[in-house]
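The residues making up each chain are set out below.
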Amino acid sequence: SFFFSGCGLSSRMITLRAGADAKPSLRLSALRDLITETNEKLGAVSKTAKSSKILHRTYIEPARSQQFAAEALGMGYSTYRRQLAAARELFTAELWQLEQ
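Numbers given to residues run from 1 along each chain, matching the order in which its sequence is written. Reporting of local features is limited, given that this is a predicted model, to residues whose pLDDT is at least 70; pairs of side-chain atoms are given and counted only at 80 or more, and all residues count toward the totals for whole chains, interfaces and linings. In computing side-chain properties, one takes all heavy atoms of the structure into account and sets aside hydrogens as well as water.

Participant: Quick question: what am I supposed to make of the overall build of the protein here?
Facilitator: A tally of helices and strands in the protein yields six helices and zero strands. Ordered by position from N to C terminus, the α and β elements of the protein give α-α-α-α-α-α. For the protein, the spread of C-alpha atoms along the three principal axes comes to 45 × 25 × 20 Å. For this analysis, residues touch if any pair of their heavy atoms sits within 4.5 Å. The contacts in the protein between residues at least 6 apart in sequence include a share of 47% that link residues at least 24 apart. Total accessible area computed for the protein in this model is approximately 6300 Å², and 54% of it derives from carbon and sulfur atoms. Taken as two groups, the 14 positive and 9 negative side-chain charges of the protein have centres that lie 5 Å from each other. Per the convention used, a helix needs a DSSP run of H or I reaching at least four residues, while a strand needs a run of E reaching at least two, with both numbered from the N terminus. We get accessible surface area from the Shrake-Rupley algorithm with a probe of 1.4 Å; when it comes to residues, only the shown protein chains can shield them. Counted as positive: Lys and Arg. Counted as negative: Asp and Glu. His and the chain ends are not counted at all. We put the charge of a Lys on NZ, of an Arg on CZ, of an Asp on CG and of a Glu on CD.

Participant: What exactly am I supposed to notice about the pattern of salt bridges here?
Facilitator: Between side chains of opposite charge, pairing is possible as soon as their charged atoms come close. Any Lys or Arg side-chain nitrogen found within 4 Å of a carboxyl oxygen on Asp or Glu counts as a salt bridge. Under the definition given, this model contains two salt bridges. Across the pair Glu37 and Arg17 runs a salt bridge whose closest N-O atoms are separated by 2.4 Å. Of this pair, Glu37 sits in helix 3 (residues 24-43) while Arg17 sits in helix 2 (residues 12-18), and the two are 20 residues apart along the sequence. Buried means the residue's accessible area, taken with a 1.4 Å probe over protein chains only, is under 20% of the maximum for its type, while exposed means over 50%, and partly exposed covers the values in between. With relative accessibility at 40%, the residue Glu37 sits in the partly exposed group. A salt bridge links Glu94 to Lys41; the nearest nitrogen and oxygen atoms lie 2.7 Å apart.

Participant: When you look at the nonpolar core in this model, what are you seeing that I'm missing?
Facilitator: The nonpolar side chains of a soluble globular protein tend to be buried with one another. Core analysis: the biggest nonpolar cluster contains 19 residues, and Ile14, Leu55, Tyr80, Leu84 and Phe91 have the highest contact counts within it. Every element with two or more residues in this core is listed here: helix 2, helix 3, helix 4 (49-60), helix 5 (66-72) and helix 6 (77-99). Throughout, nonpolar core names a set of buried Ala, Val, Leu, Ile, Met, Phe, Trp, Tyr and Cys residues whose side chains join them through atoms within 4.5 Å.

Participant: Teacher, can you tell me more about the packing of aromatic side chains here?
Facilitator: Geometry of an aromatic ring pair is reported as the spacing of the ring centres plus the angle between the planes. Aromatic rings from Phe, Tyr and Trp, with only the six-membered ring used for Trp, were paired whenever their centres fell within 6.5 Å, and each pair was classed as stacked if the ring planes differed by under 30 degrees, edge-to-face if by over 60, and tilted otherwise. Within the structure shown, the criterion is met by one aromatic pair. Both rings, one in Tyr77 and one in Tyr80, keep their centres 6.3 Å apart while their planes meet at 25°; by these two values the pair is stacked. Here Tyr77 and its partner Tyr80 are both found in helix 6, three residues apart, which amounts to about one turn of the helix. Note on Tyr80: relative accessible area 0%, which makes it buried.

Participant: Teacher, can you tell me more about the packing of helix 3 against helix 6 here?
Facilitator: Helix-helix packing is described using two parameters, namely the angle between the two axes and the distance between the axes. Where helix 3 contacts helix 6, the two axes come as close as 10 Å, and the packing angle between them is 115°. On the basis of the axis angle, helix 3 is roughly perpendicular to helix 6. Helix 3 and helix 6 meet at a crossing whose hand is right-handed. Residues Leu34, Ile35, Thr38, Asn39, Lys41 and Leu42 of helix 3 pack against Leu90, Phe91, Glu94, Leu95 and Leu98 of helix 6. Amino acids are sorted into nonpolar (Ala, Val, Leu, Ile, Met, Phe, Trp, Tyr, Cys and Pro), charged (Asp, Glu, Lys and Arg) and polar (every other residue, Gly among them). Grouping the constituent residues of the contact of helix 3 with helix 6 by class yields seven nonpolar, two polar and two charged. Axis lines are fitted through C-alpha atoms, for helices just across the contact stretch, and the angle between N-to-C directions can take any value from 0 to 180 degrees. By definition in this entry, angles of less than 35 degrees are roughly parallel, angles greater than 145 are roughly antiparallel, angles of 65 to 115 are roughly perpendicular, and the rest are oblique. For any helix crossing, the convention is left-handed if the near helix is rotated counterclockwise from the far helix by under a right angle, and right-handed if that rotation is clockwise.

Shown next as structure tokens:
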């Protein structure tokens with residue numbers, strides 16, 4: 001998935017969560033937890049809640065396709081794609097804040 005391919009399992013935030021000597025499976029689990037927690041944090045703020053829903057339906061509990069995700073979210077496909085791109089940027093910015 002997008003998030004797993006874009007995040008390093010040896011990043012500082014994953015190493016802090018899983019431990020410096022953690023096996024890849026523990027690091028992956030830490031990454032999954034970090035993704036879920038970060039998305040929940042976005043969902044808790046009304047300004048970013050829509051982005052959280054889009055990311056959740058696309059990556060955390062994905063629909064069969066992005067077209068189905070758009071339909072499930074009640075939006076047109078082009079609107080979904082545009083908002084998904086914005087949600088990715090927001091999510092990435094949030095992760096970078098944590099990494100620093």
